[in-house]
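Residue-level listing of the chains:
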Amino acid sequence: MSKLYIIPDAIQIEDSLALAEQYDAHFEYNDFYLPDVYNDAARVNALIDLYTALPRDRSLDTLHGAFLDVTVHSSDVEIRAVSDKRIRQSMEIAKRLGVCAVIFHTNLIANFKTQSYIDGWVSKNAAYWRTLSAEYPNIRIYIENMFDIDPAPMKALMESLSDVPGVQVCLDFAHAAVFGKDMQ
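Residues numbered from 1 in each chain as written. Predicted model: local features only at pLDDT ≥ 70, side-chain atom pairs only at ≥ 80, totals over all residues. Heavy atoms only, no water.

Points about the sheet that holds strand β3 (residues 62-64)
Next, step 1: The parallel open sheet is built from 6 strands, whose spatial order is β1-β2-β3-β4-β5-β6. Since the sheet does not close on itself, it has two edges, and those belong to β1 (5-6) and β6 (167-170), each with one partner.
Next, step 2: Where strand β4 (residues 101-105) meets strand β5 (residues 140-144), 5 bridges bridge the pair, whose relative direction is parallel. If you follow I103 over to β5, its bridge partner there is Y142.
Next, step 3: Packing of helix α4 (residues 77-97) onto the sheet brings it into contact with β2 (26-29), β3, β4 and β5, and relative to β4 it is tilted by some 155°. (Pairing = 2+ DSSP bridges. Helix = DSSP H or I, 4+ residues; strand = E, 2+ residues; numbered from the N terminus. Contact = heavy atoms within 4.5 Å. Axes fitted to C-alpha atoms, helices over the stretch in contact; angles between N-to-C directions.)

Here is the structure:
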């Protein structure tokens, strides 16, 4: 199984197909993370139609889910509700595409280091992703670091989800190198 993923370009899809074939790569669909896309059902449907019509197996492909302004750990019930809506839209698109996983970001406020914030982030995220994973047992959920300075909160989250095989880490090394602690 290939470990290489490329982001297909819907405008130049033939080039993306050729590249994927040349390198035995899977696709990570990045068309669906922007709020404007989710607000345009015709655009979502057109992209899904484009990708599902391609002569290729999508079962090992992934989708980059919504992450801008997505905060499942917010203390604001309305922000949590909109975040949940966007995440579920991502999961439904993934189901329609027939991909194996969706990648979401931690959306941790990296410089907000109070222990109560981190503990709340861990517990609220653990509860949320545990529930979502149970509702979508055939789609893995990857939690990706982004602006995370310290890996400890993600490690704590993954430890609390250790009994949930459907939730795993997607380590973005570039994000870790740019935003993380000194790599030495």
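Next comes the rest of the description.
Considering unusual backbone geometry
Both trends apply: most residues other than glycine have a negative phi, and most peptide bonds are in trans.
Next, step 1: Although it is not a glycine, D69 sits at a positive phi angle of roughly 65°.
Next, step 2: Positionally, D69 belongs in the loop between β3 and α4.
Next, step 3: One non-glycine residue, N107, lies in positive phi territory at about 55°.
Next, step 4: Take N107: it is sitting in the loop between β4 and α5 (115-135).
Next, step 5: Assessed through its relative accessible area of 21%, N107 is described here as partly exposed. (Buried < 20%, exposed > 50% of the residue type's maximum accessible area, 1.4 Å probe, protein only.)

Here we look at empty space enclosed by the protein
Next, step 1: If you walk through the whole model with that rule in mind, you get 1 cavity of 30 Å³ or more.
Next, step 2: Size it by volume and the largest cavity reaches roughly 50 Å³.
Next, step 3: Lining the largest cavity are A66, V70, V72, H73, I87, F104, H105, T106, N107, N125 and W129.
Next, step 4: Contributions of two or more residues to the lining of the largest cavity are made by β4 and α5.
Next, step 5: Taken together, the residues that form the lining of the largest cavity break down as 6 nonpolar, 5 polar and no charged. (1 Å grid on protein atoms, 1.4 Å probe; cavity = no way out; pocket = protein on both sides within 12 Å on 5 of 7 lines; lining within 4 Å. Points joined across faces, edges and corners; volume = space filled by probe spheres on them. Nonpolar A, V, L, I, M, F, W, Y, C, P; charged D, E, K, R; others polar.)

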